[in-house]
Amino acid sequence: MGLAQKQPEPPIAIDEKLTKEYLHTLTMIERLHRQLLDVVKNELDRAKVSEINSVQALLLFNIGDDRLTAGELRSRGHYLGSNVSYNLKKLVNAGYLSHERSSTDRRAVHVCLTENGQAVRDMVQGLFDRQLRALEPVANVSCGELQQLNGALLRLERYWSDHIRFQL
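Residues numbered from 1 in each chain as written. Predicted model: local features only at pLDDT ≥ 70, side-chain atom pairs only at ≥ 80, totals over all residues. Heavy atoms only, no water.

1. Here we look at the side chain of Asn-87
For clarity, the threshold we go by: A helix here means a DSSP run of H or I that spans at least four residues, while a strand means a run of E at least two residues long, and both kinds are numbered starting from the N terminus. Each residue is assigned to one of three classes by its accessible area relative to the maximum for its type, calculated with a 1.4 Å probe on protein chains only: buried under 20%, partly exposed between the two thresholds, exposed over 50%. Pairs of N or O atoms are called polar contacts if they sit within 3.5 Å, as long as, within protein, a hydrogen donor faces a hydrogen acceptor (for residues adjacent in sequence, only side-chain-to-side-chain pairs). Note on definitions: a residue-residue contact is assigned when non-hydrogen atoms from the two residues lie within 4.5 Å.
As for its placement among the helices and strands, Asn-87 is situated in helix α4 (residues 81–93). Since its relative accessible area comes to 4%, Asn-87 is described here as buried. Within polar-contact distance, the side chain of Asn-87 engages the side chain of Gln-56 at 2.9 Å. If sequence neighbours within four positions are ignored, Asn-87 has contacts with Asn-53, Val-55, Gln-56 and Leu-59.

2. Description of the nonpolar core
Note that soluble globular proteins tend to have their nonpolar side chains buried in a common cluster. Short version of the rule: Note on terminology: a nonpolar core comprises buried Ala, Val, Leu, Ile, Met, Phe, Trp, Tyr and Cys residues joined through side-chain atoms within 4.5 Å.
Ile-52, Leu-60, Ile-63, Leu-88, Leu-97 and Val-120 are the most contacted members of the largest nonpolar core, which totals 25 residues. When residues of this core are traced back to their parent elements, those giving at least two are α1 (16–46), α2 (54–63), α3 (70–75), α4, β2 (109–113) and α5 (115–139). Sequence-distant contacts of Val-120, that is, excluding residues within four places in its chain, are made with Ile-52, Ala-57, Leu-60 and Tyr-96.

3. So, the packing of aromatic side chains
Note the threshold: A pair of Phe, Tyr and Trp rings is counted when the ring centres sit within 6.5 Å of each other, with Trp represented by its six-membered ring. The angle between the planes then sorts it: under 30 degrees is stacked, over 60 is edge-to-face, the rest tilted.
Tallying each qualifying case throughout the model produces 1 aromatic pair. With 5.1 Å between their ring centres and 90° between their planes, Phe-61 and Phe-128 make a pair best called edge-to-face. Residue Phe-61 is located in helix α2, and its partner Phe-128 is located in helix α5; the two are separated by 67 residues in the primary sequence. You can call Phe-61 partly exposed: its relative accessible area is 22%.

4. Here's the deal with α5
Put simply, the rule reads: A helix is expected to span 1.5 Å multiplied by its residue count minus one. Note that bend, as reported per residue, equals the angle between axes fitted to the 7 residues terminating at that residue and the 7 residues originating from it.
Compared with the 36 Å implied by 1.5 Å per residue over 25 residues, the 34 Å span of α5 between its first and last C-alpha is a close match. Helix geometry: α5 is bent most strongly at Arg-133, by close to 35°, with proline Pro-137 lying one to four residues after it. Turning to α5, its buried residues are Gly-117, Val-120, Arg-121, Met-123, Val-124, Leu-127 and Phe-128. Residues of α5 that are buried sit in contact with α1, α2 and β2. Positive phi shows up at Asn-140, right after α5, with a value of about 60°.

5. Overview of a nonpolar patch on the surface
Counted only if it meets this: The patch calculation keeps residues exceeding 30% relative accessible area without a salt bridge and links them within 9 Å when they carry like charges or within 5 Å when they are nonpolar (Val, Leu, Ile, Met, Phe, Trp, Tyr). In these tables, accessible area is a Shrake-Rupley quantity obtained with a 1.4 Å probe, and a residue counts as shielded only by the protein chains included in the view. Salt-bridge detection follows one rule: a side-chain nitrogen of Lys or Arg within 4 Å of a carboxyl oxygen of Asp or Glu.
Together, Tyr-22, Leu-23, Ile-29, Leu-146, Leu-149, Leu-153, Tyr-159, Trp-160, Phe-166 and Leu-168 make up a nonpolar patch on the protein surface, roughly 920 Å² of accessible area in all. Here the element with the most residues in the nonpolar patch is helix α6 (residues 143–165); it accounts for 5 residues. By secondary structure assignment, the location of Leu-149 is in helix α6.

6. Remarks on the environment of Arg-101
Of note, Arg-101 is situated in strand β1 (residues 97–101). For Arg-101, a relative accessible area of 42% puts it in the partly exposed group. C-alpha separation for the pair Arg-101 and Leu-168, spaced 67 residues apart in sequence, amounts to 40 Å. In this structure, Arg-101 is in contact with Arg-106, Arg-107, Ala-108 and Val-109, ignoring residues within four places of it in sequence.

7. Regarding unusual backbone geometry
The phi torsion at Lys-48 lies on the positive side, around 55°, for a residue other than glycine. Here Lys-48 lies in the loop between α1 and α2. Despite not being glycine, Asn-140 shows a phi value in the positive range, around 60°. With respect to the element layout, Asn-140 can be found in the loop between α5 and α6.

Below is the structure:
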């Protein structure tokens, strides 16, 4: 059914406070993602690493010690399809990842970190470790608050997944 053919939903009273908080949450998710990328970019700049960007540095961090395919990275939900392939190719060409065709499925290519990739992963881990040490004393964010936040974000993620899956 096309957009023009969709029947309008019956009007339902929506709590204005809920609306305001939901829209604020959506804005915060976008803003925090951009800020995380800026924080990682700042760390790359301090280390004078200019061949890769913050998205690629986080990709290296998320690969860690694993041997993964692009499909496995996509299925973890971190990256969009073409984005993964593009960034993996750039990282292989820059010497941060090595790649090898799967012996069982010749279409699949496994990637893993090279020494340079491990150095970037360690740099990002160091950044996160410094942030963790300062999180409670400086930002006044406790473990319990993070647990509550993560629980709410997980429920929101499930809701959005169900929205897509069941076309709610």
